[in-house]
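Coordinates in review
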Amino acid sequence: MNKNAIASRKPLYLTFTLMLFGFGSISSARVAFSLYALQLGASASAVGIVVATLYIVPLLISWPVGRYSDRMGSRWLLLVGAVFGICSMLIPYFLREITALYVAGTMLGVSFSFYNVLLQNLVGLMSEPHERARNFSNSSLIGATTNFAGPLFAGIAIDHGGPANACLYLVTLSVAVAVLLLKWGHILPGGSGHGAPTGSIRHTLADAGIVRILATSTLVQVGQDLYQFYIPVYGYRIGLSASAIGGVIATFAAASFFVRFIMPHLVARRGEETVLRYSFYLASVGFVLVPFFENVVALALISFMFGLGMGCGQPITTMLIFSRSAEGRSGETLGLRQTANNLMRVSSPPLFGLIASGFGLSPVFWLSALIMGGGAILTRSQRKERNAD
């Protein structure tokens, strides 16, 4: 690749680097906050509330953030997200109580909403149509890498320094995002400079195809989040160390990395709906198996199988929703997708936490398996409807 080609791709490379540090800060903090709450003596339902705080703000602001970025660009919005990420990790270091985790989780939610909407939109904006599948696949590989490294980093940090000091170590990831944006953020694409027409969200939701993708995307996200939330709770209950728990979650990310690497080939051979349907089936089996095992190796193998299933769901639905977006409204549409996802993220952890507190963890895993089975049925019906059209 010549120098001009490399220079033209610098904004994309910067976006991928921001994803590495930004998403890494979220995945590591999610595990750190959960284990911190458990060490403070919190119940499963209280831990569920801590996790839910990460998604309350994204539920409220993801769509406006995407809509605003279509007009104004992403650099300074991402920097705001980095600042909130820094503050969210410093609060639990100085205030070592469960209330501090609620505040920190809410602030981290601001960071998460900015990263998740804006960085994925940037990948789409900087990709020609023929490059879109490859670039979204590459961005999802970075997401899988952060889901692998983040929990592992968090677990090791907690084992060696305790949960409070671990938060101080993890703040370096958000600091790196801020430094990158201040130094090179000017090369990122700007906005259109004008607003979208009033009532555009109604226009977006009038597209039945987008609504179907939103529903499928929500189920993919719920499956991933429930698994990554309840594996630390389950591991803690059966006496696994923080490093072992982080390692089990990391195998999920390793499988996600592998399946996302071969995803373009799978989609080319079988189609998006077929790949999604089988991913739901594998996720359902993974949820069913977890309560039957307490050995860390067995749990890691189950986690790997789950990752093979769920790993391709997010990039496929992201690519589909971006491709269906109206001209100049890709940020708005991706923000709407995150709003739908976060609606479930806010409601499901406390709900499933109450089930775990009242009936134990096994029913939570089995109910999650039923939900994933429902996702497979929905995906199959979508394919039949598309073929009928």
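The structure this text deals with has already been given above.
None of these values were measured; they are calculated from a predicted model.

What counts as what
Residues numbered from 1 in each chain as written. Predicted model: local features only at pLDDT ≥ 70, side-chain atom pairs only at ≥ 80, totals over all residues. Heavy atoms only, no water. Helix = DSSP H or I, 4+ residues; strand = E, 2+ residues; numbered from the N terminus. Rg over C-alpha atoms; globule rule 2.2 N^0.38 Å. Buried < 20%, exposed > 50% of the residue type's maximum accessible area, 1.4 Å probe, protein only. Areas by Shrake-Rupley, 256 points an atom, 1.4 Å probe, with all protein chains shown as cover. Core = buried A, V, L, I, M, F, W, Y, C linked by side-chain atoms within 4.5 Å. Contact = heavy atoms within 4.5 Å. Polar contact = N/O pair within 3.5 Å; in protein donor to acceptor, adjacent residues only side chain to side chain. 1 Å grid on protein atoms, 1.4 Å probe; cavity = no way out; pocket = protein on both sides within 12 Å on 5 of 7 lines; lining within 4 Å. Points joined across faces, edges and corners; volume = space filled by probe spheres on them. Nonpolar A, V, L, I, M, F, W, Y, C, P; charged D, E, K, R; others polar. Phe/Tyr/Trp six-rings, centres within 6.5 Å; stacked < 30°, edge-to-face > 60°.

Observations regarding the overall build of the protein
- A count of helical and extended segments in the protein gives 14 helices and zero strands.
- Each helix (α) and strand (β) of the protein, taken in turn from the N terminus, gives the series α-α-α-α-α-α-α-α-α-α-α-α-α-α.
- Its C-alpha radius of gyration of 20 Å places the protein within 12% of the 21 Å reference for a compact globule of 389 residues.
- A principal-axis box enclosing the C-alpha atoms of the protein has dimensions of 50 × 50 × 45 Å.
- The buried share among the 389 residues of the protein stands at 58%.
- Total accessible area computed for the protein in this model is approximately 15,600 Å², and 66% of it derives from carbon and sulfur atoms.

So, the nonpolar core
- Among the nonpolar cores identified, the biggest contains 107 residues, and Leu18, Phe33, Leu78 and Tyr230 are the most heavily contacted of them.
- Among the elements that make up this core, the one with the highest residue count is helix α2 (residues 10–39) (15 residues).
- Among all residues touching Phe33, those that are not within four sequence positions of it are Val50, Leu54, Ser88, Met89, Pro92, Leu101, Ala104, Gly105, Leu108 and Cys167.

A few points about the environment of Ser27
- Mapped onto the fold, Ser27 is located in helix α2.
- When its relative accessible area of 2% is taken as the criterion, Ser27 is described as buried.
- When the C-alpha atoms of Ser27 and Leu152 are compared, they prove to be 9.7 Å apart, with 125 residues separating the residues in sequence.
- In this view, Ser27 contacts Thr146, Asn147, Gly150 and Pro151; residues no more than four positions away in its chain are not counted.
- A distance of 3.3 Å separates a polar side-chain atom of Ser27 from the backbone oxygen of Gly24.
- Here the side chain of Ser27 touches Thr146 through a polar contact of 2.9 Å, landing on its backbone oxygen.

What about empty space enclosed by the protein?
- Tallied over the entire structure, the rule returns three cavities of 30 Å³ or more.
- Volume-wise, the largest cavity comes out at about 360 Å³.
- Mapped by element, the contributors of at least two residues to the lining of the largest cavity are α2, α5 (98–125), α6 (132–184), α8 (208–237), α12 (313–324) and α13 (330–359).
- Among the elements that line the lining of the largest cavity, the one with the most residues is α6, at six residues.
- For the lining of the largest cavity, the residue count by class is six nonpolar, 14 polar and four charged.

Some remarks on the packing of aromatic side chains
- All chains considered together, the criterion is met by 12 aromatic pairs.
- Judged by centre distance (5.9 Å) and plane angle (70°), the ring pair of Tyr278 and Tyr281 falls under edge-to-face. Remark: Tyr281 and Tyr278 occur in helix α10 (residues 272–289); sequence separation between them is three residues, near one turn of the helix.
- According to the relative accessible area criterion, Tyr278 is partly exposed, its value standing at 43%.
- Ring centres 6.4 Å apart and planes at 40° place the aromatic pair Phe287 and Phe365 in the tilted group.

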